[in-house]
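Residues per chain, in single letters:
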Amino acid sequence: MRLIIILILLFAYKLNAQEIWTLEKCIKHALENNITIKQSKLDVNISEKNKRTAIGNFFPSLNIGASHSWNSGLNQNITTGILENLTTQSASLNSNMNIDIFNGLQNIQQLYRSNLAILASEYQLENIKEEISLLVANAYLQILFNKETLSINRSQLKVAKEEFLIAKEQFNTGVIPEGDVLEIEANLSANEQEVVIIENNYILSKFALAQLLLITDISNFEIADENYVIPDSKILELDINTIYNLALKNRKNIKLAETNLSIAKKDLAISKANLYPKLSGFYSYNSRVLFNSSESIKNQLDLNAGENFGIQITVPIFNNMTNNVNIELNKINIYKNQYNLNQTKLELENTINQAYYDVIGSLKAFEAAEKTLKASKLAYNYAKESYSNGVINTFNLMQANTRFKNAQATLIKNKYDYIFKLKVLEFYCGTENAF
């Protein structure tokens, strides 16, 4: 009795320790821990830091400097003006400031570009998140498919075992020949083999999802026992052009391509700014002191102080073709990004067309599988009754059983195939809570 209590407690502890994962939880965990997503977040952070640099270009630059020197030997005495063998110490201070007054609006263009770069990195991050969510959903539904298939095959195995026991009794009483028993036994062995294969597929699908989620404790990883039913979706009421236009507005890879095109145009504007004259202002201050002098340091700093200020204009005439080449390269880059945007839109259109007709096809296949299952179940029940009455032989019974079993497997396959393809289409349309 004590042993039974201990076993019950251990089993209960195992159940409590085993974490149950819903699809929502899996997606959330993946978005928080995926390495590619973390890297993309760093790209967003880098873009934000670059914006600070672009803002800093509007401020003046200010630098200060100082030096201290020792002079030994024949030097001019700054007090008497006579050359003497002296060892003197002196120090100098300087500061300078520069400010851009006009540089062809380059600073403004760089600030605009930095904002676009942040937007592009954010779109890239969201696009990766969407793709990861799609992968997780697919892996999750694959587990449910294998789990439901395993449940049905175990039920079929149970029926096969019962049929085998009945067949043995009938053989012992002389109702059926030994060949019928052997056929039923062979069917039982085939069912047992199928269960082993499906169990292995179920475990492998759990491994695939766990690896996607970066989970190492596979023994305590179990998804929620969710019974997915055919969802009630109105998306097929929309025509394919409407779905495509919705996808154009919602897909982050389209927005990313559009933003990259805007960045390329801004790069061209920045390179053209180098053709304009640049006007800048400058100011500098310097002073020095001699430590061997009788004057105080403060008086020396005042007496030796000097200032320099003014404005400077730079007119680009010839810079080894650098400016012109950069402009041409940026024009080419605009064409590349425009082609990339067109290609991304074309790929999206093809994806939407395929997803749309995949959903329609998978729905028809599911509805046909339902009818097939219903008919094959009736046929199998009739075959069992006929076999019990001696109307048909074992071969006919096994054929009816095989058709019924295949119909069950086909229905499950078509069910999850339709659910996933429908969710993919909703995903491209930007439907909230598509997964």
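Each chain has its residues counted from 1, running along the sequence as written. With the structure being a predicted model, the display of local features is reserved for residues of pLDDT at least 70 and the display and counting of side-chain atom pairs for 80 or more, all residues being used for whole-chain, interface and lining totals. Values reported for side chains reflect all heavy atoms of the structure, with hydrogen atoms and water molecules removed beforehand.

**Regarding the overall build of the protein**
What counts here: For helices the rule is a DSSP run of H or I covering at least 4 residues; for strands it is a run of E covering at least 2, with both sets numbered from the N terminus onward. Each radius of gyration is computed over the set of C-alpha atoms, and the globule rule expresses the reference value as 2.2 Å times the number of residues to the power 0.38. Only heavy atoms matter for contacts: two residues are in contact if any of them lie within 4.5 Å across the pair.
Across its full length, the protein carries ten helices and six strands. For a compact globule of 435 residues, the expected C-alpha radius of gyration is about 22 Å, and the protein comes in at 40 Å, more than 25% above that figure. By principal-axis analysis of the C-alpha atoms, the protein measures approximately 140 × 65 × 35 Å. Summarising the internal contacts of the protein: among those between residues at least 6 apart in sequence, 80% fall at separations of at least 24.

**Some points on helix 6 (residues 240–250)**
This is how the line gets drawn: Partly exposed describes any residue whose relative accessible area lies between the buried limit of under 20% and the exposed limit of over 50%, with all areas from a 1.4 Å probe on protein chains only and scaled to the type maximum. For this quantity, the arc is that covered by the directions from the helix axis to the C-beta atoms. In the analysis that follows, any N or O atom pair within 3.5 Å is treated as a polar contact, provided that within protein one partner can donate a hydrogen and the other can accept it, and provided that, for residues neighboring in sequence, both atoms belong to side chains.
Every buried residue of helix 6 is accounted for by Ile-240, Ile-243, Tyr-244 and Ala-247. Summarising the axial view, the buried residues of helix 6 lie within an arc of 100 degrees, below the 170-degree limit, and thus occupy one face. In helix 6, the exposed residues that point more than 90 degrees away from the buried face are Asn-241 and Lys-249. Those residues of helix 6 that are buried lie in contact with helix 9 (322–388) and helix 10 (394–429). A distance of 3.0 Å separates the backbone nitrogen of Asn-241 from a side-chain oxygen at the start of helix 6, and that oxygen is part of Asp-239.

**Some words on the packing of helix 6 against helix 10**
We apply this condition: Interaxial angle, 0 to 180 degrees, is taken between N-to-C directions of lines fitted to C-alpha atoms, where a helix line uses only the stretch in contact. Angular relationships are summarised with four words: roughly parallel below 35 degrees, roughly antiparallel beyond 145, roughly perpendicular across 65 to 115, and oblique for the angles in between. Residues were grouped as follows: Ala, Val, Leu, Ile, Met, Phe, Trp, Tyr, Cys and Pro as nonpolar; Asp, Glu, Lys and Arg as charged; and all remaining residues, including Gly, as polar.
Closest axis-to-axis distance for the helix 6/helix 10 pair is 7 Å, and the angle between their directions is 60 degrees. Relative to helix 10, the element helix 6 lies oblique. In this structure, helix 6 uses Ile-243, Leu-246, Ala-247 and Asn-250 to contact helix 10, whose residues at the interface are Leu-425, Tyr-428 and Cys-429. Looking at the contact of helix 6 with helix 10, its residues break down into six nonpolar, one polar and no charged.

**A closer look at the packing of aromatic side chains**
Rule in force here: Pairing of aromatic rings covers Phe, Tyr and Trp, the last counted by its six-membered ring, and requires centre-to-centre distances within 6.5 Å; plane angles under 30 degrees mean stacked, over 60 mean edge-to-face, and any other angle means tilted. Look at NZ for Lys and CZ for Arg. If either is within 6 Å of the ring centre and within 35 degrees of the ring normal, a charge sits over the ring.
The tally for this structure, following the rule as stated, stands at five aromatic pairs. Measuring from centroid to centroid gives 6.3 Å for Phe-145 and Tyr-416, while their planes differ by 70 degrees, and the two rings are edge-to-face. Of this pair, Phe-145 sits in helix 4 (residues 106–172) while Tyr-416 sits in helix 10, and the two are 271 residues apart along the sequence. With a centroid separation of 5.5 Å and an interplanar angle of 10 degrees, the aromatic rings of Tyr-380 and Phe-404 are classed as stacked. Here Tyr-380 is found in helix 9, whereas its partner Phe-404 is found in helix 10, with 24 residues between them in sequence. The residue whose ring lies beneath Lys-25 is Trp-21, and the NZ or CZ to ring-centre distance is 4.8 Å.

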